[in-house]
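In case you want the letters, here they are:
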Amino acid sequence: MNHIYLDHAATAPMATEVIEAMVPIYSEVFGNPSSVHAFGRKARQLMDQARQVFAGSIHAEEKEIVITSGGTEADNLALIGTALANKQKGNHIITTVQEHHAVLHAAEHLEENGFNVTYLPVYEDGKMAVNDLKQALTDHTIVVSIMSVNNETGIIQPIHDIGELLKNHQAYFHTDAVQAYSQLPIDVKEDHIDLLTVSSHKINGPKGIGFLYVNKNVSLHTLQFGGEQERKRRPGTENVVSAVGFQHAVQLAMNQRENRVETYKEYKKLFIETLEQAAVNVELNGNQSEAIPSIINISFPGTNVEQLLTNFDLTGIAASSGSACTAGSVEPSHVLSAMYGAGNERTTNSIRFSFGLHNKKEDIMEAAERIASIVKRLAAS
Ligand SMILES: Cc1ncc(COP(=O)(O)O)c(C=O)c1O
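Computed from a predicted structure; not experimentally measured.

Draft legend 1. Fine view of the environment of Glu369. For Glu369, the position within the fold is in helix H10 (residues 361–380). Taking the C-alpha atoms as reference points, Glu369 and Asn91, 278 residues apart in sequence, are found 52 Å from one another.

Draft legend 2. The arrangement of the side chain of Glu99 in detail. Examined against the element boundaries, Glu99 turns out to sit in the loop between strand E3 (92–96) and helix H4 (101–112). Of the side chains with opposite charge, Arg352 lies nearest to the buried Glu99, which makes no salt bridge, at 13 Å. One polar contact links Glu99 to Thr96, side chain to side chain, over a distance of 2.7 Å. Within the local environment of Glu99, its side chain forms a polar contact with the backbone nitrogen of Met147, the two atoms lying 3.0 Å apart. If sequence neighbours within four positions are ignored, Glu99 has contacts with Leu104, Ser145, Ile146, Met147 and His334.

Draft legend 3. The arrangement of H4 in detail. With twelve residues, H4 ought to run about 16 Å at 1.5 Å a step, and its terminal C-alpha atoms sit 16 Å apart, in line with that. For H4, the secondary structure elements touched by its buried residues are helix H3 (71–85), E3, strand E4 (116–120), strand E5 (141–145), strand E6 (172–176) and helix H9 (334–340). Looking one or two places after H4, you find Gly114, whose phi comes out positive at around 95°.

Draft legend 4. Examining the sheet that holds strand E8 (residues 210–214) more closely. Read from one edge of the open sheet, seven strands run E2-E8-E7-E6-E5-E3-E4, paired in mixed fashion. Looking at strand neighbours, the two that pair on one side only are strand E2 (65–68) and E4, the edges of this open sheet. Here the average twist between neighbouring strands, direction ignored, is 20°. Sheet contacts for H3: E2, E3, E5, E6, strand E7 (195–199) and E8; angle to E7, the most-contacted strand, approximately 165°. The sheet contacts of H4 involve E3, E4, E5 and E6, and relative to E4 the element is tilted by about 150°.

Draft legend 5. Representation of unusual backbone geometry in the model. A positive phi is found at Glu230, a non-glycine position, where the angle reads about 50°. Secondary-structure assignment places Glu230 in the loop between E8 and helix H7 (240–277). Classification of Glu230 as buried rests on a relative accessible area of 7%. A positive phi angle, near 50°, is found at Arg231, a position not held by glycine. Assignment of secondary structure puts Arg231 in the loop between E8 and H7. Taking the relative accessible area as the measure of exposure, Arg231 reaches 55% and is therefore exposed.

Scoring rules and cut-offs
- Residues numbered from 1 in each chain as written.
- Predicted model: local features only at pLDDT ≥ 70, side-chain atom pairs only at ≥ 80, totals over all residues.
- Heavy atoms only, no water.
- Helix = DSSP H or I, 4+ residues; strand = E, 2+ residues; numbered from the N terminus.
- Buried < 20%, exposed > 50% of the residue type's maximum accessible area, 1.4 Å probe, protein only.
- Lys, Arg positive; Asp, Glu negative; His and termini not counted.
- Salt bridge = Lys/Arg side-chain N within 4 Å of Asp/Glu carboxyl O.
- Polar contact = N/O pair within 3.5 Å; in protein donor to acceptor, adjacent residues only side chain to side chain.
- Contact = heavy atoms within 4.5 Å.
- Expected span 1.5 Å × (residues − 1).
- Pairing = 2+ DSSP bridges.
- Axes fitted to C-alpha atoms, helices over the stretch in contact; angles between N-to-C directions.

This is the structure in structure tokens:
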């Protein structure tokens, strides 16, 4: 059976170029970047090169990049680190109900520790409204965290307008750009972004590494204590091999961005057309004209998520019902519940499909055909 992986928003396979760049480093560069001898200096040089590429990819300065263990750590550091460092200016934080749990649970932790958090709504199109943010801002607001692209629906949020609104407010603007990073151009200075999260494994790099951009004017408390690494903002001996792999993944993603976007647009169109031609009843979640091309979230009326995912898996198709971090649980999606209301059937019959590097046009059509026959069988039973 030909297995077809359509779950790249959960994680993506490493690109061959990334693996090839990493393998020699394992044996050739084992020094500790903090050591002053030649072994250490070689490792430091690789870290510096990687940091330069990360910074360049978002128009930031090298000293504004904090390398972390991934998106989750970067989100936690952004929210908790800025809240703790700025509590003399206020105790109010604003985010949205559709954030990744790395942001939502960090916000809940802050609530337990005396901060007030406003969770802005999202609407049926999958977007938050800048006007809601305007209404919620107070003189005590110190951090606003709004994702660039939602990981379940692929819907792009109004980041530029949020940056414009906040540029003269004391609140720092954090955006989780984990799903946006390889598909949309990002310029942190132009969009007035103060903190931005990126994860390597979503862009064909190794797992367990990411970075947080922290504008040089942001005051941030570290959440870990120890060495001087990452300018004391994230101490601990650096993962040089993964940093090199991540660097190559970033370079590939930047060089191939336009091609990838065009390819995934074509895949998305083909996927939907094939389902429609097979007369499957589908409803697309969120406004597709505002979605990144690699993610599509589809509701299949008359079915349910567990049935769908089990049957897809039996026929070799890997997809998911939303955030991979909640996969395995039968909890309705918090994102779709926010968009359509708790209890709406879309929250329990929707699947996220996400395209990636190794998918081919034939795979997309084949997957849609297999899915169509499963959905028709389930909906009729
Ligand atoms: C939007 C978003 N933020 C954060 C994360 C967490 O990133 P990581 O897996 O690198 O911790 C994910 C991963 O699912 C994500 O999609």
